[in-house]
Amino acid sequence: LLHVYGLSVVAVSTDGLTEADMNKIAVMNLGNNYKVNECDTVMIVGNPYIAGNTVAVGRITRIVKQNVAIDSVYTMFYTDMALPEGATGFMVNTSGELVGIMCSALPGDITGFATAVGTDEITGALNCMASGAIASLLGVYGQTVTVDMIEINNIPEGVYVANVLPDSAAYKAGISAGDVIVGMSTEKVSCIEDLTDALLTSHLPNETVIVKIMRDSAEGYKEMDLNATLGAR
């Protein structure tokens, strides 16, 4: 996750903790970041003021969905909380549910205000890493083909590849920008979430899969099968 979203999972051993300390540890409930709206009140808890056990309160000023990451997309929340550089923490709603994790602003954005990546799109990856598993990596930057793309440009349903990570499994397999991924081995890929789920739950690093693509040509889109040996996140 570090090179995909700029996030990592840290495990802390419970060895040596007293029963009293263990009783202080509680599980934070996950909220639905799709229900978060602009102007909603949210809190950053943890280390927003570069001091442990601090809390910052503010409002959502902007929400940008479908930000493209490697083999996935995510939601970015922008707030009016001016926090010092190096601030970290978890974004919770007024019900105390986790809806985002602080991360750096996207390149070109105004810095100095707290930003967070929504939890819904990355929960699978977080669970994978928290369990000690290693997620597989194809290496494409893509998006779900929209209805407009289908109707106006006659692009087939699937994941439109905007770019390919150099030296990745996709690059070595011959996947190119402009290709549309429509399947992976026996699984149909209709959207970017299908691709993300397949890589997280169905296939392992170093596994060779058949990536089904549609490639544009003078005669229209043609289906091709490409063999890709997956890498690791």
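Quick note: structure is the one above.
Computed from a predicted structure; not experimentally measured.

Points about the overall build of the chain
Argument step 1. Within the chain one finds 5 helices and 14 strands.
Argument step 2. When the backbone C-alpha atoms are referred to their principal axes, the chain occupies close to 65 × 40 × 25 Å.
Argument step 3. Expressed as a percentage of the 233 residues in the chain, the buried residues total 40%.
Argument step 4. Of the contacts made within the chain by residues no fewer than 6 positions apart, 57% connect residues no fewer than 24 positions apart.
Argument step 5. Carbon together with sulfur atoms contributes 53% to the accessible area of the chain, which is approximately 12,500 Å² in total.
Argument step 6. Taking the average place of the 11 positive charges on the side chains of the chain and the average place of its 26 negative ones, the gap between the two points comes to 1 Å.

Here we look at the pattern of salt bridges
Argument step 1. Scanning all chains against the criterion turns up 5 salt bridges.
Argument step 2. The residue Arg215 makes a salt bridge to Asp179 at a minimum N-O spacing of 2.8 Å. Note that Arg215 is positioned in strand E12 (residues 208-215) and Asp179 in the loop between helix H4 (169-173) and strand E10 (180-184), a separation of 36 residues in sequence.
Argument step 3. By relative accessible area, Arg215 is classed as partly exposed at 24%.
Argument step 4. Lys212 is the salt-bridge partner of Asp225, the closest N and O atoms lying 3.5 Å from each other. Of this pair, Asp225 sits in strand E13 (residues 222-229) while Lys212 sits in strand E12, placing them 13 residues apart in sequence.
Argument step 5. Residue classification places Lys212 among the partly exposed residues on the basis of a relative accessible area of 24%.

A few points about the nonpolar core
Argument step 1. If you look at the biggest cluster of nonpolar residues, it comprises 23 residues, and the most contacted ones within it are Leu138, Val140, Ile175, Ile181, Met184, Leu195 and Val211.
Argument step 2. Looking at this core, the elements with two or more residues in it are strand E9 (159-164), H4, E10, helix H5 (192-202), E12 and E13.
Argument step 3. Each residue touching Ile175, except ones within four places of it in the same chain, is listed here: Leu138, Val140, Val161, Val164, Ala170, Val211, Arg215 and Leu226.
Argument step 4. Formed by 15 residues, the second largest nonpolar core is a distinct cluster that contains Ile44, Ile63, Leu83 and Ala87.

Criteria and cut-off values
- Residues numbered from 1 in each chain as written.
- Predicted model: local features only at pLDDT ≥ 70, side-chain atom pairs only at ≥ 80, totals over all residues.
- Heavy atoms only, no water.
- Helix = DSSP H or I, 4+ residues; strand = E, 2+ residues; numbered from the N terminus.
- Buried < 20%, exposed > 50% of the residue type's maximum accessible area, 1.4 Å probe, protein only.
- Contact = heavy atoms within 4.5 Å.
- Areas by Shrake-Rupley, 256 points an atom, 1.4 Å probe, with all protein chains shown as cover.
- Lys, Arg positive; Asp, Glu negative; His and termini not counted.
- Charge placed at Lys NZ, Arg CZ, Asp CG, Glu CD.
- Salt bridge = Lys/Arg side-chain N within 4 Å of Asp/Glu carboxyl O.
- Core = buried A, V, L, I, M, F, W, Y, C linked by side-chain atoms within 4.5 Å.

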